[in-house]
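# Reading the structure
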Amino acid sequence: MSNKNESTSDKNTGEKKPRERSLNFIETIIEEDNKSGKHDGRVHTRFPPEPNGYLHIGHAKSICLNFGLAKKYNGKCNLRFDDTNPTKENEEYVRSIQEDVRWLGFDWEDRLFYASDYFEQLYEWAIKLIQDGKAYVDELTAEQTREYRGTLTEPGKNSPYRDRSVEENLELFEKMKNGEFPDGSRTLRAKIDMSSPNLNMRDPVMYRIMHAHHHRTGDTWCIYPMYDFTHGQSDSIEKITHSICTLEFENHRPLYDWYVENLGIFHPQQIEFARLNLSHTITSKRKLLDLVTEKFVDGWNDPRMPTISGLRRRGYTPASIRNFCDRIGVARFNSTIEMSWLEEAVREDLNRTALRVMGVINPLKVTITNYPEGQEEWRDAINNPEDKEAGTRKIPFSGELYIERDDFMEDAPKKFFRLKPGGEVRLRYGYFIKCEEVIKDDKGVVQELRCTYDPETAGGKAPDGRKVKGTIHWVSAKHSLPITVRLYDHLFTKEDPSEVEEGQDWRSNINPHSLTVLENCQVEPSLKDAEPDQPYQFERTGYFCLDSKDSLPEHPVFNRTVSLRDTWAKVQKKSK
RNA sequence: ACCCCGAUAGUGUAACGGUAGCACAAAACCCUUUGAAGGUUUCAGUCCUGGUUCGAAUCCAGGUCGGGGUGCCA
């Protein structure tokens with residue numbers, strides 16, 4: 001008979017332990033390795049980006065995973081640039097990648113490496129494989145190589161150059177290295193198995209000739225190693241224990257293993273996980289580059305981009321991104337995460353940290369007819385109800401205000417708690433006001449509201465105890481600061497941007513309304529000294545930050561990071 | 001067509017032969033000087049068919065569906 005309580009016998013200790021997230025499959029592997037002593041309990045990972053683009057949210061998942069695992073198991077994580085293709089890589093990307101990893105909050109300490117650091121060693125290993133009769137110089141053209149490789153269903157056939165002598169191969173490879181052959185005329189190939197069902201094992205190319213300038217090694221080399229001949233050995237050199245990569249490299253694992261085994265060097269374990277797919281956006285470096293070069297966005301760090309730099313400029317925080325990456329988990333099957341998860345993650349972080357301010361996005365003038373002419377007063381406002389330490393500030397009140405246009409309705413439904421003709425509403429930290437008169441222009445558009453205030457309700461409390469359901473934000477017209485606000489929506493209209501009509505491409509799914517610019521928004525004067533790194537919550541509207549690129553002291557521009565959750569919008573939608 | 005991998009509420013993940021759980025989304029309510037935040041509750045799931053077993057999400061077989069694979073890219 002089993003006793004149900006046996007397994008939870010420790011629950012009467014009275015301690016409320018934070019609920020531990022259960023292990024993901026990689027952590028399980030690591031813990032098994034640690035138990036069996038496979039690497040003496042050592043955990044060493046690496047983040048290996050190719051410097052051919054800016055980092056995006058998908059990379060953040062990998063960064064958090066690799067650095068996170070190292071931290072969790074008291075290990076190390078290297079940053080290594082996988083720079084084996086000089087025609088696509090450059091310094092700007094190297095710089096931005098380091099900046100982004102650091103910004104996310106991770107530190108590779110003194111372990112910044114480049115695959116190009118290992119070119120000499122890789123070259124020697126290539127020679128060893130030649131000497132062992134496991135590699136040969138091929139003279140097939142690229143097209144011929146393709147033909148000889150066979151297809152998914154038919155085996156390939158051996159290259160006529162496959163059985164050259166070791167000496168001849170050595171000599172030819174030397175000449176390749178010395179630049180005696182033009183690009184594309186020769187390759188060095190591993191001699192494995194042209195009939196393998198895994199195409200990667202059909203005598204994969206190890207080296208190709210490229211007379212190209214490398215951002216680090218300059219013109220030292222005119223032959224460059226392929227990814228497969230580089231990655232595993234780089235891991236091996238750095239004594240990486242767990243080499244974590246995305247699912248599309250799964251078919252490469254046998255080759256990864258083949259190289260380190262045939263070279264007789266330290267054998268790291270490659271582990272694949274599913275890359276992140278986010279709804280309503282793309283994480284293909286090539287397509288992101290297209291968005292930039294074709295000017296659909298304002299550079300790699302456009303706040304609509306899913307790049308780390310874009311998210312940063314948008315106002316996302318490192319903690320929110322780390323949290324997001326932790327929550328989405330890691331698995332071995334492809335999935336798409338809804339954008340709302342990312343948004344929820346920033347809201348959660350910003351709710352704790354953002355300073356509350358009054359900001360009116362779409363101003364509607366309100367004149368308080370019974371407020372003494374020329375009078376003004378400074379009222380106390382709480383900077384952050386989630387953080388007592390943040391203190392309070394003074395905000396100016398006067399007889400001429402701006403409120404949000406959406407906070408007034410002439411024909412209001414019952415559930416509308418804000419201002420309506422004859423109705424009363426609370427101005428946050430201010431007074432109750434009552435709408436007495438609606439002034440419109442010729443076209444019937446509301447121009448101004450004339451209201452009266454109740455001087456007894458200073459601070460928002462009514463001494464007679466009468467209740468007012470609605471509380472709205474406002475600014476004093478005389479004191480407020482005009483700013484520009486940029487609102488963002490999904491970059492793509494479809495959840496899956498690659499899903500297109502016939503004859504169209506992914507570009508047809510770009511959302512034409514992903515950016516809305518609002519001029520003449522009005523905010524409280526304290527925002528005069530805003531800095532891009534300081535997140536703000538415009539109360540009842542959303543989280544905002546100063547744009548780090550386009551904002552000028554005389555013309556502030558604020559980006560909306562994310563709106564607040566809007567239950568009213570839901571109610572409205574439902575009633576339609 | 002061939003090889004490899006995968007499939008658990010709407011979404012994302014856990015349960016490792018023994019009570020299918022958590023988060024986000026959705027819904028209802030409470031609270032509220034942010035229709036925010038917070039709190040309570042509800043809804044909702046093991047791809048299919050067989051087999052092994054006292055017992056299967058888990059092991060086995062077959063099927064279905066999805067992803068990856070024919071770069072001198074990574």
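Residues numbered from 1 in each chain as written. Chains lettered and ligands numbered in written order. Predicted model: local features only at pLDDT ≥ 70, side-chain atom pairs only at ≥ 80, totals over all residues. Heavy atoms only, no water.

### Focus on the side chain of S398
For the record, the criterion: Runs of E in the DSSP output that reach at least two residues are strands. Runs of H or I that reach at least four are helices, and both are numbered from the N terminus. By the criterion applied in these results, polar contacts are pairs of N or O atoms within 3.5 Å in which, for protein atoms, one can donate a hydrogen and the other can accept it, and in which residues neighboring in sequence qualify only through two side-chain atoms. Two residues qualify as a contact provided that any one of their heavy atoms is within 4.5 Å of a heavy atom in the partner residue.
Its location among the elements puts S398 in strand β16 (residues 392-398). A polar contact is formed between the side chain of S398 and the backbone oxygen of E400, at a distance of 3.3 Å. At 2.8 Å, the side chain of S398 forms a polar contact with the side chain of S476. For S398, the contacting residues outside a window of four places in its chain are I368, Y371, Q375, E376, S476, A477 and H479.

### Digging into helix α3 (residues 91-103)
Short version of the rule: By this rule, a helix spans an expected 1.5 Å times one less than how many residues it contains. When a residue's accessible area, from a 1.4 Å probe over protein chains only, is under 20% of the maximum for its type it is buried; when over 50% it is exposed; and in between it is partly exposed.
In this model α3 runs 18 Å from its N-terminal to its C-terminal C-alpha over 13 residues, within 8% of the 18 Å that 1.5 Å per residue would give. Here α3 has its buried residues at Y93, V94, S96, I97, Q98, D100 and V101. For α3, the elements touching its buried residues are β1 (44-47), α2 (57-72), β2 (76-81), β3 (112-114) and α10 (308-314). Note on α3: the residue one or two positions beyond its end, G105, has a positive phi of about 105°.

### Considerations on the domain arrangement of chain A
One frequent convention defines the size of an interface as the accessible area lost when the parts assemble. Going by this rule: An automatic or database domain assignment supplies the start and end points of every domain. Whenever a carboxyl oxygen of Asp or Glu lies within 4 Å of a side-chain nitrogen of Lys or Arg, that contact is scored as a salt bridge.
In terms of domains, chain A is made up of domain 1 (4-110 + 231-278 + 315-333), domain 2 (135-225), domain 3 (279-314 + 482-576) and domain 4 (356-479). A straight line from the C-alpha centre of domain 3 to that of domain 4 covers 28 Å. The interface is formed by 19 residues belonging to domain 3 together with 25 residues belonging to domain 4. Linking domain 3 with domain 4 are 3 salt bridges. Among the ionic pairs, R393 bridges to E524, the shortest N-O distance being 2.7 Å.

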